[in-house]
Amino acid sequence: MRSVAVANINSEMAHRSQSVMANTYALLKEFNADQSFRAGQKQGMVEAAQETKNNQQLIDQGRASGAAAVNERYEQSKQKPVKEATTEGVVTQKPAAASGQSGAFMSEGRIERDF
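Residues numbered from 1 in each chain as written. Predicted model: local features only at pLDDT ≥ 70, side-chain atom pairs only at ≥ 80, totals over all residues. Heavy atoms only, no water.

Bringing the overall build of the protein chain into the picture now. The secondary structure content of the protein chain amounts to two helices and two strands. Seen in sequence order, the protein chain has helices and strands lined up from the N terminus as α-α-β-β. Counting only residues that meet the buried cut, the protein chain has 0% of its 115 residues in that class. For the protein chain, the computed accessible surface area is about 11,900 Å², with 54% contributed by carbon and sulfur atoms. (Helix = DSSP H or I, 4+ residues; strand = E, 2+ residues; numbered from the N terminus. Buried < 20%, exposed > 50% of the residue type's maximum accessible area, 1.4 Å probe, protein only. Areas by Shrake-Rupley, 256 points an atom, 1.4 Å probe, with all protein chains shown as cover.)

Put into structure tokens, the structure is as follows:
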């Protein structure tokens, strides 16, 4: 007589399967909680960053600061006497003669050029 095994049931694993499933779903719950926290954390960061975007109070402060800087420079320039541009003390040099070779050279099948 021949017998055919249809399935091999491990009674110990069958007994522990509920525990394994409970551990699996507990881990999934922990993972989902972590992902939810991270999503909320990112939303909070985005919202905090958006508070200063197109903030009229900050725009007004920046405008006042920029205008004050320009006006300060303008007032400083009015107080300094304007000097005539002179060429005294300016050292002029003649261009140095170029040395070396220029052109195209063949080397190992590549074309090398001096620029």
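This part takes up the pattern of salt bridges. Opposite charge on two side chains lets them pair, provided their charged atoms get close. Counted according to the given criterion, the structure contains three salt bridges. A salt bridge links R38 to D34; the shortest N-O distance between them is 3.0 Å. Of this pair, R38 and D34 both sit in helix α1 (residues 11-50), four residues apart, roughly one helical turn. Looking at D34, the relative accessible area reads 33%, which means it is partly exposed. With its nearest N and O atoms 3.3 Å apart, the salt bridge here joins R63 to D60. (Salt bridge = Lys/Arg side-chain N within 4 Å of Asp/Glu carboxyl O.)

So, on to the confidence of the model for the protein chain. Averaged over all residues, the pLDDT of the protein chain is 80; the fraction at 70 or higher stands at 63%. The weakest mean pLDDT in the protein chain belongs to strand β1 (residues 104-107) at 56; the strongest belongs to helix α2 (residues 56-79) at 94. (pLDDT = per-residue confidence, 0-100.)

Position of D60 among the secondary structure elements: in helix α2. Looking at D60, its side chain comes within polar contact range of the side chain of R63, at 3.3 Å. (Polar contact = N/O pair within 3.5 Å; in protein donor to acceptor, adjacent residues only side chain to side chain.)

Here the focus is a nonpolar patch on the surface. A surface patch of nonpolar side chains, amounting to about 430 Å² of accessible area, comprises M21, Y25, L28 and F31. Summarising the element assignment, F31 is placed in helix α1. (Patch = residues over 30% accessible without salt bridge, like charges linked within 9 Å, V, L, I, M, F, W, Y side chains within 5 Å.)

Moving on: α1. With 40 residues, α1 extends 59 Å between its outermost C-alpha atoms, agreeing within 8% with the 58 Å of an ideal straight helix rising 1.5 Å per residue. At S17, α1 shows its strongest bend, of approximately 45°. (Expected span 1.5 Å × (residues − 1). Bend = angle between axes of the 7 residues up to and from the residue.)

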